[in-house]
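# A structural walkthrough
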Amino acid sequence: MRMQEAEFAQFGKCGLRQMITEFASRQNAIAYYVASQAGSDSPLLGQTAEETAEILQFILFAEADFTPAALGTLGPLLGFAPFIRPAQQAAEEQLFRFLNVLNTILIDKTFLVGERLTIADVVVACDLIMAFKLYVTKDDRKKLRNITRYFKTMVAQPAFKAVAGDVVLCAERIKPAAAPKKEKKEKKPVEQPKKAEKKVEKKEPAEEEPKPAPKPKSKLDLLPPAKMVLDEWKRFYSNNDTKPDAMNWLWEHFDSEGYSFWKVEYKYNDELTKLFMTNNLVGGFFSRLERARKYAFGNLLTLGVDDDNQIWGYFMVRGQEVPEEVTDAADYESYSWTKADHNDAKVKAEIEDCFAWEGPALPRECYDGKTFK
């Protein structure tokens, strides 16, 4: 959205903070409008009035508090504003104060509002990019584990990557830019543009817009029928002892052509802290796998102790690849999925102990877990 010349002139009369806030509010208003066009089923603006209010709160926080602090910190270093050390240091203190606020909010959350991505996440994540690329170092990220996890989750989204590309995290803070030398420019005579001749264009008959193609079914529904019915396994698992009854049933009925096993491990175990928070993280991931419920079953366990734990487990999915219904989940990129051969004795033992939440094949002691069924 282009600003008029008079508005630019008005910007010149106001302070940096006011100018930044004015600019940010325009961009966020556009983002909010675009999100409102996604339809009533879209979660972007929240599912309830309370969620919508929370979303607005985060957007206003981003534009009125966080963005001015970030640009007050980075602007002088990039040469966009005079470098006055006390002012830059004051902005830096504000920046990290706001980062710590977000870090606390995200202790047991994947997204800022609710269990699905909203426009609040889009706005805040975009505002975090420059700080994480240019100023928040590895040592800072160790102290800000929750917001770092959140930021990595956001920038790993395919839609985000398509616009912002790969975001490389800061290795070393930028330093003040050197003031450029002024060069004298010679004035060149202004050439009068020649009047272009008007060309008469022939109007072509308007083409009829093609009708939108019907939404395709899941690729998994097009696979040959499986010998094992997943719902029968889920019922048997829920109503019987896991070992030996349920596992004996599984190995007797398992269809290796119709289903495959996958070992699932969290990529950022070094960022996990309290056990209950780790287990809540798994619960949040499962809540975003709703589309896969018809095609998958699995257990993810929280192993270890406070400040030294991991997420580990196994999934059984329809087909021989991780389906789109799983890869489409926001948290998918935070986990590694490795295809597993259940005919291998070690793998088979791990699957059995994973589904039972106990046993010698587990990598570490089990604190708790979640079952996706």
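Structure: see above.
The present account deals with the structure reproduced in this document. Quantities reported herein were computed from a predicted structural model and do not represent experimental measurements. (Residues numbered from 1 in each chain as written. Predicted model: local features only at pLDDT ≥ 70, side-chain atom pairs only at ≥ 80, totals over all residues. Heavy atoms only, no water.)

## A few points about the packing of aromatic side chains
Test applied: Aromatic pairs are defined between Phe, Tyr and Trp rings, using the six-membered ring for Trp, whenever the two ring centres lie within 6.5 Å; interplanar angles under 30 degrees are classed as stacked, those over 60 as edge-to-face, and all others as tilted. Helix and strand definitions follow DSSP, with helices as H or I runs of at least four residues and strands as E runs of at least two, each counted in order from the N terminus. In this scheme, a residue with accessible area under 20% of its type's maximum is buried, one over 50% is exposed, and one in between is partly exposed, where area comes from a 1.4 Å probe on protein chains only. A ring has a charge above it when a Lys NZ or an Arg CZ is no more than 6 Å from the ring centre and no more than 35 degrees off the ring normal.
Under the defined criterion, the tally for this structure stands at 23 aromatic pairs. With a centroid separation of 5.4 Å and 50° between ring planes, the pair formed by W233 and Y237 is classed as tilted. Placement of the pair is W233 and Y237 together in helix α9 (residues 230–239), with a separation of four residues, close to one helical turn. Comparing W233 with Y237 shows no difference in burial state: the two are buried. Their ring planes at 35° and their centres at 6.0 Å tell us that Y332 and W337 sit as a pair that is tilted. Within the aromatic cluster, the residues linked to one another by ring pairs are Y266, Y268, F285, F286, F315, Y332, Y335, W337 and F372. We note R173 situated over the ring of Y135; from NZ or CZ to the ring centre the distance is 4.4 Å.

## Side note on the pairing of strand β3 (residues 308–318)
Residues in a regular strand point their side chains to alternate faces of the sheet. Rule in force here: What makes two strands pair is DSSP finding at least two bridges between them.
Judged by how many residues are buried, β3 sits mostly within the fold: ten of eleven residues are covered. Strand direction decides the pairing type here: strand β1 (residues 259–266) and β3, joined by seven bridges, are antiparallel. Bridge assignment links Y259 to a residue of β3, and that residue is R318. Hairpin connection between strand β2 (residues 296–305) and β3: a loop of two residues separates the two successive antiparallel strands, and D307 in this loop has a positive phi of roughly 65°.

## A short note on the pattern of salt bridges
Between side chains of opposite charge, pairing is possible as soon as their charged atoms come close. Where we set the bar: Just to be clear on terms, a salt bridge is a Lys or Arg side-chain nitrogen sitting within 4 Å of an Asp or Glu carboxyl oxygen.
The full count for this structure, using the stated rule, is 13 salt bridges. R293 serves as the salt-bridge partner of E290, at 3.2 Å between the closest nitrogen and oxygen. Residue R293 is classed as partly exposed on the basis of its relative accessible area, which comes to 28%. Between R364 and D308 there is a salt bridge, with its nearest N and O atoms 3.2 Å apart. You can see R364 sitting in the loop between α13 (345–356) and β5 (366–372) and its partner D308 sitting in strand β3, a full 56 residues away along the chain. The class of D308 is partly exposed, set by a relative accessible area of 43%.

## Structural notes on the packing of helix α10 (residues 242–253) against α13
Definition in use: In this analysis an axis means a line fitted to C-alpha atoms, helices contributing only their contacting stretch, and an angle means the value between N-to-C directions, from 0 to 180 degrees. The scheme is simple: roughly parallel for angles under 35 degrees, roughly antiparallel for over 145, roughly perpendicular for 65 to 115, oblique for anything else. Crossing handedness is defined as follows: a turn of the near helix away from the far one that is anticlockwise and smaller than a right angle gives a left-handed crossing, while the clockwise case is right-handed. Contact definition: two residues touch when any of their heavy atoms are within 4.5 Å. Nonpolar residues are Ala, Val, Leu, Ile, Met, Phe, Trp, Tyr, Cys and Pro. Charged residues are Asp, Glu, Lys and Arg, and all others, Gly as well, are polar.
Two elements in contact, α10 and α13, have axes separated by 10 Å at closest approach and are oriented at 125°. Viewed along their axes, α10 and α13 adopt a mutual orientation that is oblique. When you trace α10 past α13, the crossing you get is right-handed. Seen from α10, the contacting residues are T242, K243, M247, L250 and W251; seen from α13, they are K348, I351, E352, D353, F355 and A356. Considered class by class, the residues forming the contact of α10 with α13 number six nonpolar, one polar and four charged.

## Things to note about helix α7 (residues 145–155)
Among the eleven residues that make up α7, ten are buried, leaving the element largely enclosed by the rest of the structure. Inspection of α7 places N146, I147, T148, R149, Y150, F151, K152, T153, M154 and V155 among the buried residues, and these make up the whole buried set. Of the surrounding secondary structure, the elements contacted by the buried residues of α7 are α4 (85–105), α5 (119–134), α6 (138–143), α8 (158–164), β1 and α11 (275–287).

## Points about the sheet that holds β1
Here we have five strands laid out as an open sheet, ordered β4-β1-β3-β2-β5, and antiparallel in their pairing. Among the strands making up the open sheet, the edge pair consists of β4 (335–340) and β5. On average, each strand axis in the sheet is inclined to that of its neighbour by 20°, with strand direction left out of account. Of the strands in this sheet, β1, β2, β3 and β4 are in contact with α13, which crosses β3 at around 105°.

## A look at unusual backbone geometry
The amide bond that connects K243 to the next residue, P244, takes the cis arrangement and shows omega of 5°. Residue placement: P244 occurs in helix α10. Positioned with a positive phi, D307 is a non-glycine residue whose angle comes to about 65°. Among the secondary structure elements, D307 is positioned in the loop between β2 and β3.

## Digging into the nonpolar core
What counts is decided by this rule: Here, nonpolar core means buried Ala, Val, Leu, Ile, Met, Phe, Trp, Tyr and Cys residues that are tied together by side-chain atoms lying within 4.5 Å of each other.
Ranked by internal contacts, the top residues of the largest apolar core, which has 41 residues, are F66, L95, L99, L112, L128 and I147. Among residues more than four places away in sequence, those in contact with F66 are F61, L95, F98, L99, D127 and L128. The next biggest cluster of nonpolar side chains, apart from the first, holds 24 residues, and it includes L230, A246, M316 and V347.

## Overview of the environment of L250
You can see L250 is positioned in helix α10. Considered as a pair, L250 and F236 are 14 residues apart in the sequence and their alpha carbons are 9.1 Å apart. When sequence neighbours within four positions are dropped, the list of residues in contact with L250 reads M228, W233, F261, M316 and F355.

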